[in-house]
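Reading the structure
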Amino acid sequence: MLTRYELERYDRQIIISGFGKEGQEKLKQAKVFIAGAGGLGCPVSMYLIAAGAGMIRIIDHEKVELSNLNRQVLHWSEDIARIKVDSAAEKLNRLNQEIKIEAIKEMITEANVSQLVAGFDLIIDAMDNLPTRYLLNKAALEMNIPLFHGAVYGFEGRAMTIIPGKTACLMCVYKGAIAEGKFPVIGVTPAVIGCIQAAEAIKYIVGIGKLLTNRLLVYDGLNMKFIELKVKKDPNCEHCGHLVKKC
Ligand SMILES: [Zn+2]
């Protein structure tokens, strides 16, 4: 049941057609795993918490650096050298004290990924490297948890939603590695993509709208264009091929 405080706090979204108190109740029950407290993780977590998602686990193994501050908006000048998830959790708590926030300072590895995401309803891919994205993709498929992908580079970004066994997965789309290391990025790009991921997550939880599945959304900020690339499940996909055959 929603309290009087919650009904007032979330009033403007509850009155959205198809959302209602039921949708808000679903948000309140939702447990969201956010991989990364950086450029994407900051806006995703802020908007999910502002919307009243019940429980958030945010994980990142890094500390705040000066060069993070152009885009990682939960980390401020005074947070340099602080553990990122601590800095993020503190601000997120102040944003909405009703939400349970779990901050984990750890690196996501093949050995711990299943344990970390177990019991969660959604996984948000707010990472900055493909190997970790693949770990999340595999775990999401194995554990039947939807995955909300986002990636940024300079003024460009991408987003896609993956429903295990039903839609194309990250491995179907990307296959193989993408260059690693320091990449260019301006803060507005993860803000746009992170908000798209959060919107997808909210729609999925509430059960409204049409998800960004089997479509890779590419945002080109320099020319201010959104392009949609149709993607298909690959029946021979290393990660989801067996699931495709099963259904
Ligand atoms: Zn696949």
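Report follows, based on the coordinates. Here the structure is a predicted model, which means the values were calculated and not measured.

A word on the packing of aromatic side chains. One pair of aromatic rings is described through two measures. These are the centre distance and the angle between the planes. In the structure shown here, the tally under the stated rule is 4 aromatic pairs. Measuring from centroid to centroid gives 6.4 Å for Tyr-153 and Phe-183, while their planes differ by 20 degrees, and the two rings are stacked. Of this pair, Tyr-153 sits in strand E5 (residues 147-153) while Phe-183 sits in the loop between helix H8 (170-174) and helix H9 (188-206), and the two are 30 residues apart along the sequence. Overall, Tyr-153 belongs to the exposed group, its relative accessible area being 53%. Judged by relative accessible area, Phe-183 falls into the partly exposed class, the value being 27%. Judged by centre distance (5.1 Å) and plane angle (40 degrees), the ring pair of Tyr-219 and Phe-226 falls under tilted. By relative accessible area, which is 48% here, Phe-226 ends up partly exposed. Lys-31 extends its terminal NZ or CZ atom over the ring of Phe-120, reaching a point 5.4 Å from the ring centre. One residue, Lys-91, lies across the ring of Trp-76, its end atom 4.7 Å from the ring centre.

Within the element layout of this structure, Gln-197 appears in helix H9. Among the residues examined, Gln-197 registers a relative accessible area of 1% and is labelled buried. Those residues in contact with Gln-197, other than ones at most four positions away along the chain, are Leu-40, Val-44, Ile-124, Asp-125, Phe-148, His-149 and Gly-150.

Further remarks concern the pairing of E5. With respect to burial, E5 is a largely interior element, 6 of its 7 residues being buried. In the sheet, strand E4 (residues 122-125) pairs with E5 via 3 bridges, with the strands oriented parallel. Counterpart to Ile-123 in the pairing with E5 is Leu-147. Two strands pair when backbone bridges link them, and E5 and strand E6 (residues 156-162) are joined in this way by 7 bridges, in the antiparallel orientation. Counterpart to Tyr-153 in the pairing with E6 is Glu-156. Between E5 and E6, which pair antiparallel and follow one another directly, the connecting turn spans 2 residues, one of which, Gly-154, has a positive phi of 60 degrees.

The rules we used
- Residues numbered from 1 in each chain as written.
- Predicted model: local features only at pLDDT ≥ 70, side-chain atom pairs only at ≥ 80, totals over all residues.
- Heavy atoms only, no water.
- Phe/Tyr/Trp six-rings, centres within 6.5 Å; stacked < 30°, edge-to-face > 60°.
- Helix = DSSP H or I, 4+ residues; strand = E, 2+ residues; numbered from the N terminus.
- Buried < 20%, exposed > 50% of the residue type's maximum accessible area, 1.4 Å probe, protein only.
- Lys NZ or Arg CZ within 6 Å of the ring centre and 35° of its normal.
- Contact = heavy atoms within 4.5 Å.
- Pairing = 2+ DSSP bridges.

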